[in-house]
Amino acid sequence: MLNELSLEELWELFPIYFVDSNAEFEKQFSAEKENLNLLLSNYVKRISHIGSTAIKKIKTKPIIDILIEIDFASKDNVKEILLNSNYILMYEALDKISFNKGYTVNGYADHVFHIHIKKYGDCNELYFRDYLNEHYEKAKEYEKLKEELYNQYKPNRDLYTAGKSDFVKAITEAAKIKYKNRY
């Protein structure tokens, strides 16, 4: 079972690697969105494609990040439905829950998803996505940063992710100013 593996064993089983952006990401997102809408229709306020696979023309890990915004009072119901539908609970805090799908004892499945559950309106990821899609030079800067962090920290996913946080925060803040109340 995956929960019996050490962090180092998990990093080895699920390595970081990059692929070119492609139209398959949007198709995978759309199919999973449909599935999630069927499972969670009573609770969903908005489902959005986020993360690097939602950013045009940059290399990315082939993992589809999905933001599901809900009335957070129903988070326990959403959590139970996803747990009973073969999603793996990865993280839970007062203001968010994260699930994964597509991680197997043999490595990645054909399609891999990270599901981020937040209260409706807690959607900084949408500002970040939109800004990078509208500012190609910043998107390429993000791509370069990710490759540098990978080369510096492989296979440590935690350090890789932490290394991106200042860039993500700065872009998100710039986007919130530019787009004001888009979301």
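Figured I'd write up the structure that's included with this text.

Across the interface, helix H5 (residues 136–153) lies against helix H6 (residues 157–179) with an axial gap of 8 Å and an inter-helix angle of 160°. Our classification of the angle between H5 and H6 gives roughly antiparallel. Viewed along their axes, H5 and H6 form a crossing whose handedness is right-handed. Residues Lys138, Glu141, Tyr142, Leu145, Lys146, Leu149, Tyr150 and Tyr153 of H5 form the contact with H6, whose participating residues are Leu159, Tyr160, Gly163, Lys164, Phe167, Val168 and Ile171. For the contact of H5 with H6, the per-class residue count stands at ten nonpolar, one polar and four charged.

This next bit is on the pattern of salt bridges. Taken as a whole and judged by the stated rule, the model has 14 salt bridges. For Lys27, the salt bridge identified is with Glu24, shortest N-O distance 3.4 Å. Residue Lys27 and its partner Glu24 are both found in helix H2 (residues 24–40); the two are separated by three residues, about one turn of the helix. For the salt bridge of Asp122 with Lys118, the shortest nitrogen-to-oxygen distance reads 3.8 Å. The pair Asp122 / Lys118 is uniform in exposure class, with both members buried. The network of salt bridges with shared partners includes Arg129, Asp130, Glu134 and Arg182.

So, about the nonpolar core. Among the nonpolar cores identified, the biggest contains 20 residues, and Ile55, Phe128, Leu132, Tyr142, Phe167 and Ile171 are the most heavily contacted of them. Every element with two or more residues in this core is listed here: helix H4 (124–134), H5 and H6. In this structure, Ile55 is in contact with Ser21, Phe128, Arg129, Leu132, Asn133 and Ala139, ignoring residues within four places of it in sequence.

A separate point is unusual backbone geometry. In this structure, the amide linkage connecting Lys154 to the following residue, Pro155, adopts the cis form with an omega of 5°. Here Pro155 is to be found in the loop between H5 and H6. Phi angles above zero are rare outside glycine, and Lys57 is one such case at about 65°. By the secondary structure assignment, Lys57 is in the loop between strand E1 (44–50) and strand E2 (63–70). One non-glycine residue, Lys180, lies in positive phi territory at about 45°. With respect to the helices and strands, Lys180 occurs in the segment after H6.

Scoring rules and cut-offs
- Residues numbered from 1 in each chain as written.
- Predicted model: local features only at pLDDT ≥ 70, side-chain atom pairs only at ≥ 80, totals over all residues.
- Heavy atoms only, no water.
- Axes fitted to C-alpha atoms, helices over the stretch in contact; angles between N-to-C directions.
- Helix = DSSP H or I, 4+ residues; strand = E, 2+ residues; numbered from the N terminus.
- Parallel < 35°, antiparallel > 145°, perpendicular 65-115°, else oblique.
- Left-handed = near helix turned anticlockwise from the far one by under 90°.
- Contact = heavy atoms within 4.5 Å.
- Nonpolar A, V, L, I, M, F, W, Y, C, P; charged D, E, K, R; others polar.
- Salt bridge = Lys/Arg side-chain N within 4 Å of Asp/Glu carboxyl O.
- Buried < 20%, exposed > 50% of the residue type's maximum accessible area, 1.4 Å probe, protein only.
- Core = buried A, V, L, I, M, F, W, Y, C linked by side-chain atoms within 4.5 Å.

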